[in-house]
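Here is what each chain is made of, one letter per residue.
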Amino acid sequence: MEDEVKQTTEYMSYPVYFLSIIGIWKLLGVVAAILIPRYPLLKEWAYAGFFFNPTDAIISHMDMEDPIDEFLPATLLPVLIAVSYSFGPTGHKLLTKSS
């Protein structure tokens, strides 16, 4: 799996060190979203990052004119992230509807 990710990264013309940066940001996002729930701004940024990462990957595949069957399953991830965010506790969101 590791070699496949590296090959895909090189194929997309991204530098390989980009994978380390993304990995660090994902770890920080997990910490912000799960371990520090008192700070809703951190949680918002974590959800945004988790949403932007797969959508950027999908756009990169489309830009490389890859066949749709190669990246179509990946479109499920942003949908699941959006559903998770929308059904999460409202107290952890910055913008909540007032009654």
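In this report, the structure presented in the accompanying data block is examined.

## Section: the packing of helix H2 (residues 17-35) against helix H3 (residues 40-63)
Any two packed helices are characterised by how steeply their axes cross, that is the angle between the axes, and by the distance between the axes. Put simply, H2 and H3 touch, their axes get as near as 8 Å, and they point 140° apart. It follows that H2 is oblique to H3 by the angle criterion. H3 is crossed by H2, and the crossing has left-handed handedness. In this structure, H2 contributes Ile22, Lys26, Gly29, Val30, Ala32 and Ala33 to the contact, and H3 contributes Leu42, Lys43, Ala46, Phe50 and Asn53. Tallied by class, residues from the contact of H2 with H3 come to seven nonpolar, two polar and two charged.

## Considering the environment of Ser84
Mapped onto the elements of the fold, Ser84 is located in helix H5 (residues 76-87). The class for Ser84 is partly exposed, based on a relative accessible area of 38%. Along the primary structure Ser84 and Tyr47 are separated by 37 residues, whereas in three dimensions their C-alpha atoms are 9.2 Å apart. Separated by 3.0 Å, the side chains of Ser84 and Tyr47 make a polar contact.

## Some words on a nonpolar patch on the surface
Judged by side-chain polarity, Tyr14, Tyr17, Phe18, Ile21, Ile24, Trp25 and Leu28 come together as a nonpolar surface patch covering roughly 750 Å² of accessible area. Within the element layout of this structure, Phe18 appears in helix H2.

## Here's the deal with the packing of aromatic side chains
Applying the stated criterion across every chain yields a total of three aromatic pairs. Measuring from ring centre to ring centre gives 5.1 Å for Tyr47 and Tyr85, while their planes differ by 65°; the resulting arrangement is edge-to-face. Of this pair, Tyr47 sits in helix H3 while Tyr85 sits in helix H5; the two residues are 38 residues apart in sequence, bridging distant segments of the chain. Here the aromatic rings of Phe51 and Phe52 are separated by 6.2 Å at their centres, their planes lie at 70°, and the arrangement is edge-to-face. Residue Phe51 is classed as partly exposed on the basis of its relative accessible area, which comes to 33%.

## Some remarks on the environment of Ala57
For Ala57, the position within the fold is in helix H3. Residues Ala57 and Met12, spaced 45 residues apart in sequence, show a C-alpha to C-alpha distance of 9.5 Å.

How each quantity is defined
Residues numbered from 1 in each chain as written. Predicted model: local features only at pLDDT ≥ 70, side-chain atom pairs only at ≥ 80, totals over all residues. Heavy atoms only, no water. Axes fitted to C-alpha atoms, helices over the stretch in contact; angles between N-to-C directions. Helix = DSSP H or I, 4+ residues; strand = E, 2+ residues; numbered from the N terminus. Parallel < 35°, antiparallel > 145°, perpendicular 65-115°, else oblique. Left-handed = near helix turned anticlockwise from the far one by under 90°. Contact = heavy atoms within 4.5 Å. Nonpolar A, V, L, I, M, F, W, Y, C, P; charged D, E, K, R; others polar. Buried < 20%, exposed > 50% of the residue type's maximum accessible area, 1.4 Å probe, protein only. Polar contact = N/O pair within 3.5 Å; in protein donor to acceptor, adjacent residues only side chain to side chain. Patch = residues over 30% accessible without salt bridge, like charges linked within 9 Å, V, L, I, M, F, W, Y side chains within 5 Å. Areas by Shrake-Rupley, 256 points an atom, 1.4 Å probe, with all protein chains shown as cover. Salt bridge = Lys/Arg side-chain N within 4 Å of Asp/Glu carboxyl O. Phe/Tyr/Trp six-rings, centres within 6.5 Å; stacked < 30°, edge-to-face > 60°.

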